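One-letter residues, chain by chain:
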Amino acid sequence: MSQKLKQGFMRNVKLGAGPLRLLMNLWPPFIGAGIHVERISPDYKEASVRMRLGLLNRNYMGTHFGGSLFAMTDPFFALLVMHNLGRHYVVWDRASSIDYLLPGRGTVRAHFSITAGEIEDIRRATASGDKYEPAFTVDVVNRQNEVVARVHKTLYIRRKPDRQQAAAG
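So, how was this worked out
Residues numbered from 1 in each chain as written. Predicted model: local features only at pLDDT ≥ 70, side-chain atom pairs only at ≥ 80, totals over all residues. Heavy atoms only, no water. Pairing = 2+ DSSP bridges. Helix = DSSP H or I, 4+ residues; strand = E, 2+ residues; numbered from the N terminus. Contact = heavy atoms within 4.5 Å. Axes fitted to C-alpha atoms, helices over the stretch in contact; angles between N-to-C directions. Parallel < 35°, antiparallel > 145°, perpendicular 65-115°, else oblique. Left-handed = near helix turned anticlockwise from the far one by under 90°. Nonpolar A, V, L, I, M, F, W, Y, C, P; charged D, E, K, R; others polar. Phe/Tyr/Trp six-rings, centres within 6.5 Å; stacked < 30°, edge-to-face > 60°. Buried < 20%, exposed > 50% of the residue type's maximum accessible area, 1.4 Å probe, protein only. Polar contact = N/O pair within 3.5 Å; in protein donor to acceptor, adjacent residues only side chain to side chain.

Right, let's get into the pairing of strand β6 (residues 147-159). Sheet topology places strand β3 (residues 89-100) next to β6; eleven bridges connect them, and they run antiparallel. When the sheet's bridge partners are listed, D99 is paired in β6 with R150. Bridge count for strand β5 (residues 135-141) against β6 is seven bridges, and the pairing is antiparallel. Across the sheet, residue D139 finds its bridge partner in β6, namely R150. Between β5 and the antiparallel strand that follows it, β6, lie five residues; N145 among them carries a positive phi value of about 65 degrees.

Given below as structure tokens:
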């Protein structure tokens, strides 16, 4: 396998959704930003995250720091897709952008969701070993369900070459 297609050791650790949620809630960047993973569904098709406004994640104007809003959305689409595809795929974040629509005050939430159809589309698009770069969008909403920020994520996905193909190539 080429160096480009290797991922970190945690990629090969098989964790259920509950233990992964607990570990993510102990991850220092999330703790510092006040980010809390509320739920990861057992089938890894959904995740919910919240962030309360606190001293360490507010900006000069007293609203949520934009970097913290961005951070609360960072790993989730890649994690959901990765767990649904399995070990024979490489999944990376390729690109991200964020549109800030309202000042973030109080607690904000984001809900991530992927469908079985999206997973099948990815499998079809990568079956021959080609890369695929699907786009996903998530809204960060306040308590009134108003969109505070909209985040666009593009993933890089490629099926790993089979060992026999890699040895022959």
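Moving on, we come to the environment of G34. If you trace the backbone, G34 turns up in the loop between α2 (28-33) and β1 (35-40). As for G34 and R52, which are separated by 18 residues in sequence, their C-alpha atoms are 6.2 Å apart. In this structure, G34 is in contact with R50, M51, R52 and N57, ignoring residues within four places of it in sequence.

Another aspect to go through is the packing of helix α4 (residues 76-85) against helix α5 (residues 116-126). It is the contact of α4 with α5, at a shortest axis distance of 11 Å, that shows an interaxial angle of 70 degrees. Classed by the angle they form, the pair α4 and α5 counts as roughly perpendicular. The handedness of the crossing between α4 and α5 is right-handed. Contact with α4, carried on its side by V81, N84 and L85, involves I119, I122 and R123 of α5 and no other residues of that element. Partitioning the contact of α4 with α5 into residue classes produces four nonpolar, one polar and one charged.

Here the focus is the sheet that holds β5. Read across the sheet, six strands follow the order β1-β2-β4-β5-β6-β3 without closing on themselves; strand pairing throughout is antiparallel. Of all strands in the sheet, those bounded by a partner on one side alone are β1 and β3. Averaged over all neighbouring strand pairs, the angle between strand axes comes to 20 degrees, with direction disregarded. In this structure, strand β4 (residues 108-113) lies alongside β5, joined through two bridges in antiparallel fashion. Note on β5: the bridge partner recorded for A110 is V140. The sheet contacts of α5 involve β3, β4, β5 and β6, and relative to β6 the element is tilted by about 35 degrees.

By the definition in use, this model includes five aromatic pairs. A ring pair is formed by F77 and F136, whose centres lie 4.9 Å apart and whose planes are at 20 degrees; its orientation type is stacked. Taken together, the positions of F77 in helix α4 and F136 in strand β5 put the pair 59 residues apart, joining distant regions of the chain. When sorted by exposure, F77 lands in the same class as F136, which is buried. Members of the aromatic cluster, joined through ring pairs, are W27, F30, F76, F77, F112 and F136.

This brings us to unusual backbone geometry. With a phi close to 55 degrees, Y44 is a non-glycine residue in the positive phi region. Despite not being glycine, N145 shows a phi value in the positive range, around 65 degrees. The topology assignment puts N145 in the loop between β5 and β6.

Residue position: T73 is located in the loop between α3 (66-71) and α4. In this structure T73 comes out as buried when scored by relative accessible area, which is 0%. A distance of 2.8 Å separates a polar side-chain atom of T73 from the backbone oxygen of F70. Sequence-distant contacts of T73, defined by excluding residues within four places in its chain, comprise A110, F112, V138, V140, V151 and K153.

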